[in-house]
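Inside the fold
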Amino acid sequence: MIDCMQISADSPLLDEKTRETIHGVFGKLNQDVVIKAVVDMKEEKSLEMASFLRTLTELSDHIALELYEPLDGADLGMEISHLPATGLFFNGEYTGVSFHGVPGGKEINSFVIGIYNLAGPGQELSKAAVKKIGKLKRPAKVKVCVSLACHHCPGVVIACQRIAMLSPLVEAGMYDANLYPDLVEKFKIERVPLVIINDKDVFAGPRSIEDLTQLLLDAK
Amino acid sequence: MENLIGRELEDFRVQAYCRGAFQEVSKGDLLGHWSVLFFYPADFTFVCPTELGDLQDFYEKFQEIGCEIYSVSEDTHFVHKAWADASETIKRIQYTMLGDPAGVLARQFGVLVEEEGQALRGTFILNPEGRVKAYEIHDMGIGRNAEELLRKVQAAQFVEEHGDQVCPAKWKPGEETLTPSLDLVGLL
């Protein structure tokens, strides 16, 4: 494990005003969450992410941070083929929620809300949506490909990750497509948000949590 | 210069050659599905078979997404058949080749070079209502790319279905991380 104390807790990505706002949201957390990130400390984006996370975790006593080198991260149970990879862990278990890339731009919203949904009161969710998520019986891995400037993207990331939090069968990761040309090439990504289920079924555009759950129910 | 986006296809009736047979094609045949009108200068020229063959290579993919292809030149349907009989490339074409000797279609889309009686290389993507959603016009010698055309039709279909609720992405490797833009209004 990497010694977090050697990482700067003053990320230039988070200005004072943003830190204050996040601090306000994290003030509502009532349970503990552990952020585990796999970073390649030779890579710029990983260094950026490490500092971003270190700065963020300073804003709440309910959040702990663990940083791993790629070789040590293989046992975490999360997808680490696209680094930096960051997973949310709750009660010692991987929640299925991950972020690949640095959640800057609009994606700061999905990152903060993801933690709020996991360790805080969480966003309101209808009973019908919860019931529908409970019907999921097949494992599914969801990639939500985004660009950081996309204002439609965080909503889809938040919804998919909410499903993952409520269903042990579902994993949902945000992928900053700009960082991963292999994904752009493989899935011919020309627009975002793009939801990819099990590396097979591809859906573009914003959708509600109910619609996303239906896509998962329909997935083969 | 006039913009053709959104313009509705006008009534027309022409003769066409398709898979060894002659047929009449009118506006109604282009409605109810996506269409591409693919103008080229003339039969029996060199660049034309190249790009018409390229289009044939992707024709199945166009059909899969509900898009029909119509090539158009200022030749008659008889000349199209003669060309198909003479050229291996043209012989394998499965889409409909419209004959537009009177220039009705080429004039309608602004691609007719009157003094030469030939059409510029214009490509027009029409939605199922017959309205122009995208187009490009090249000078005579500049060829087109069927794969890129397929991408454009798919993009046009997507926008028709989803409106502006997606962000077009143009990936720039190595782009800097955007400064976080926190806006929790409506999220909490």
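Here we summarise the structure given alongside this text. (Residues numbered from 1 in each chain as written. Chains lettered and ligands numbered in written order. Predicted model: local features only at pLDDT ≥ 70, side-chain atom pairs only at ≥ 80, totals over all residues. Heavy atoms only, no water.)

1. A few points about the nonpolar core
A:Phe26, A:Phe52, A:Leu53, A:Leu56, A:Leu67, A:Phe111 and A:Ile115 are the most contacted members of the largest nonpolar core, which has 77 residues in total. Filtering out sequence-adjacent residues up to four positions away, A:Phe111 remains in contact with A:Ile35, A:Met49, A:Phe52, A:Leu53, A:Leu56, A:Thr86, A:Phe99 and A:Pro103. Core analysis: the second largest hydrophobic core is formed by 25 residues, B:Tyr40, B:Ile93, B:Tyr95 and B:Ala156 among them. (Core = buried A, V, L, I, M, F, W, Y, C linked by side-chain atoms within 4.5 Å. Buried < 20%, exposed > 50% of the residue type's maximum accessible area, 1.4 Å probe, protein only. Contact = heavy atoms within 4.5 Å.)

2. Digging into the sheet that holds strand 5 (residues 140-146) of chain A
Residues and elements named next belong to chain A. In spatial order, the strands read 2-1-3-4-6-5-8-9; together these 8 strands make up an open sheet with mixed pairing. Only two strands of the sheet have a single partner each, and these edge strands are strand 2 (63-68) and strand 9 (201-204). Each strand axis lies, on average, 20 degrees off the axis of its neighbour in the sheet, ignoring direction. Bridge count for strand 5 against strand 8 (residues 194-197) is 4 bridges, and the pairing is antiparallel. What sits directly across from Val142, in strand 8, is Ile197. (Pairing = 2+ DSSP bridges. Helix = DSSP H or I, 4+ residues; strand = E, 2+ residues; numbered from the N terminus. Axes fitted to C-alpha atoms, helices over the stretch in contact; angles between N-to-C directions.)

3. Structural notes on the side chain of B:Gln56
All names here are of chain B. With respect to the element layout, Gln56 can be found in helix 1 (residues 47-57). On the basis of relative accessible area, Gln56 is assigned to the buried category, the value being 12%. Gln56 has contacts with Arg92, Ile93, Gln94 and Tyr95, leaving out every residue within four places of it along the chain.

4. Quick notes on the packing of aromatic side chains
Any pair of aromatic rings gets described here by the distance separating the centres and the angle formed by the planes. In total, this model carries 13 aromatic pairs over all chains according to the counting rule given. Judged by centre distance (5.9 Å) and plane angle (40 degrees), the rings of B:Phe44 and B:Trp83 are tilted. Residue B:Phe44 is located in the loop between strand 3 (34-39) and helix 1, and its partner B:Trp83 is located in helix 3 (residues 77-86); the two are separated by 39 residues in the primary sequence. Taking the relative accessible area as the measure of exposure, B:Phe44 reaches 47% and is therefore partly exposed. Residue classification places B:Trp83 among the buried residues on the basis of a relative accessible area of 3%. Here the aromatic cluster, defined as three or more aromatic residues joined through ring pairs, consists of B:Phe39, B:Phe109, B:Phe124 and B:Tyr135. Lying over the aromatic face of A:Phe89, A:Lys36 brings its terminal NZ or CZ to 4.5 Å of the ring centre. Across from the ring centre of B:Phe38, 3.7 Å away, lies the NZ or CZ of B:Arg144, which sits over that ring. (Phe/Tyr/Trp six-rings, centres within 6.5 Å; stacked < 30°, edge-to-face > 60°. Lys NZ or Arg CZ within 6 Å of the ring centre and 35° of its normal.)

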